[in-house]
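Commentary on secondary and tertiary structure
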Amino acid sequence: KSGSITVLLMTLLFGSGNSLRMERGFAVGRTDVTKDCNMPKACDVDGFTDWLKLGSYCVKYFNTSANFTDAEFSCVNKIPGGHLVSVHNEVDNHDLFCTVKNISSNNTRVWVGGYQLFQTGKFRWTDGSNWNYERWVPGEPNYIYTKEECVEMNWKEHGKWNDESCFAKKDYFCAFKRLGNRPAVDGAWKSGSGFVLLLTLLFESGNFLTMERGFDVSDTNATSWCSMPKACGVHGFTDWFKVGRYCVKYFSWPQNFTQAEFRCKSKAPGAHLVSVHSYKENNYLLCIVKKFNPRNLRFWLGGFEFFKSGKFFWLDGSFWDYQIWTRGEPNNMYTATEECVEMNWKEVGRWNDDSCSVKKSYICAFNRHYMLEKDLE
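Owing to the predicted nature of the structure, the values given are computational and were not obtained by experimental measurement.

Turning to the overall build of the protein, a few remarks are in order. Regarding its fold elements, the protein presents 7 helices and 19 strands. Taking all 377 residues of the protein together, 57% fall into the buried category. Relative to all contacts within the protein whose residues are 6 or more apart in sequence, the contacts with residues 24 or more apart total 75%. Accessible surface, the protein as shown: approximately 16,300 Å² in total, 50% of it carbon and sulfur.

Here the focus is the state of the cysteines. Following the criterion strictly, the structure yields 6 disulfides and no others. Note on cysteine connectivity: cysteine 75 is disulfide-linked to cysteine 174, with sulfurs 2.0 Å apart. Its torsion about the S-S bond being -85°, the disulfide of cysteine 75 and cysteine 174 is classed as left-handed. Within this pair, whereas cysteine 75 is found in helix H2 (residues 68-78), its partner cysteine 174 is found in strand E8 (residues 170-179), the two being separated by 99 residues in sequence.

Turning to the pairing of strand E6 (residues 148-153), a few remarks are in order. Within E6, 6 of the 6 residues are buried, which leaves it mostly tucked inside the rest of the structure. Where strand E4 (residues 110-116) and E6 come together, 3 bridges link them in antiparallel fashion. Each residue of the ladder has a partner; that of valine 110, found in E6, is methionine 153. With 5 bridges connecting them, E6 and strand E7 (residues 161-165) associate as antiparallel partners. What sits directly across from valine 151, in E7, is aspartate 163.

A cis amide bond, omega -5°, links glutamate 140 with the succeeding residue proline 141. Secondary-structure assignment places proline 141 in the loop between strand E5 (123-125) and E6. Along the chain, glutamate 329 connects to proline 330 via a cis peptide bond; the corresponding omega equals -5°. Residue placement: proline 330 occurs in the loop between strand E16 (312-314) and strand E17 (338-343).

Mapped onto the secondary structure, valine 341 falls in strand E17. Between the C-alpha atom of valine 341 and that of phenylalanine 257, which follows or precedes it by 84 residues, the distance is 8.8 Å.

Definitions and cut-offs
- Numbering of residues starts from 1 in each chain and follows the order in which that chain's sequence is written.
- Where totals are concerned, whole chains, interfaces and linings use all residues; where local detail is concerned, this predicted model gives features only for residues with pLDDT of at least 70, and gives and counts side-chain atom pairs only at 80 or more.
- The side-chain figures draw on all heavy atoms in the structure; neither hydrogens nor water molecules are used.
- Under the scheme used here, helices are H or I runs from DSSP no shorter than 4 residues and strands are E runs no shorter than 2 residues, and both carry numbers assigned from the N terminus.
- Burial status follows relative accessibility: with a 1.4 Å probe on protein chains alone, a residue under 20% of its type maximum counts as buried, one over 50% as exposed, and anything between as partly exposed.
- When checking whether two residues touch, look at their non-hydrogen atoms; a contact exists if any pair is within 4.5 Å.
- Per-residue and other accessible areas were derived by the Shrake-Rupley procedure at a 1.4 Å probe size, with only the shown protein chains allowed to occlude residues.
- Any two cysteine sulfur atoms within 2.5 Å of one another count as a disulfide.
- Here, strands pair whenever DSSP counts at least two bridges between them.

Written out as structure tokens, the structure is:
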């Protein structure tokens, strides 16, 4: 556990196979907007009779415009297990279109819960369910490697999808999974072969700090004598180093942020790009990279910004309880594409937000206590 909550299993974002790579004009289903538009039936869950039944979900349309992140926050707060709606077949897609057409015929553009992960071209649903259906406007998604990372419905063609800037304000659909006549709280059901991604933890755990320009928790004296950390002490990982509760290793072969995380996951059970939780840990990481690659100190940490919200998280799900930004950084936390965290840009020992597509060296880490316990079994 991390604090009072279960550590967020961010590996599900990367390793569940719960995505499709989008190509222009690709569509699984067909939405015929000339059909009679009948409203879905009322939700049969007590207390939610003003919501509508959509497959195994109950959904509700909200005509209060919000950006993508604020819309997801709103859905999370409506009901335990609530998220922006996910769409899994032609019937559900058509019913959503009919709902918004009947309620708000003058403005039918709405957020659904799809988003692109780290400019990879892979799309996910915020409720963690399988991405098994899609209905793009021909030529979309057309900015899969730039700044249009969130999914809307009814742009240009009714019933079809478009990738749009997450900053744009739109109406939205919230949804929750139902089991019979009661809500199914996140974690009570499975998606494909893995547990549903508990994205509510991202919003409700307090597991983040909002970044402000020039804010730093402590100082790193890059001119101080560099003392290397001790060996990891875990069998089979003697070339890794002990940093706090982690074993870490530096890899000099440059990778973009997502590729680096994939590679870390393949190095050891439970491994991720490294998280940093103290002045001492930050200095140890600096010393490691100075020893192995003194001519190029820039490398990826495991921090990333969530949906351009200004809120940063660690890929391993641990608390964001330490930070030491280069002065003036993060400077693109609400714009452009700088969403991933590196160390040693401009000021040695300090952090910067950079484009996730840039290739850099990286440091992987795993929880050494977990591995030591496994050795004893």
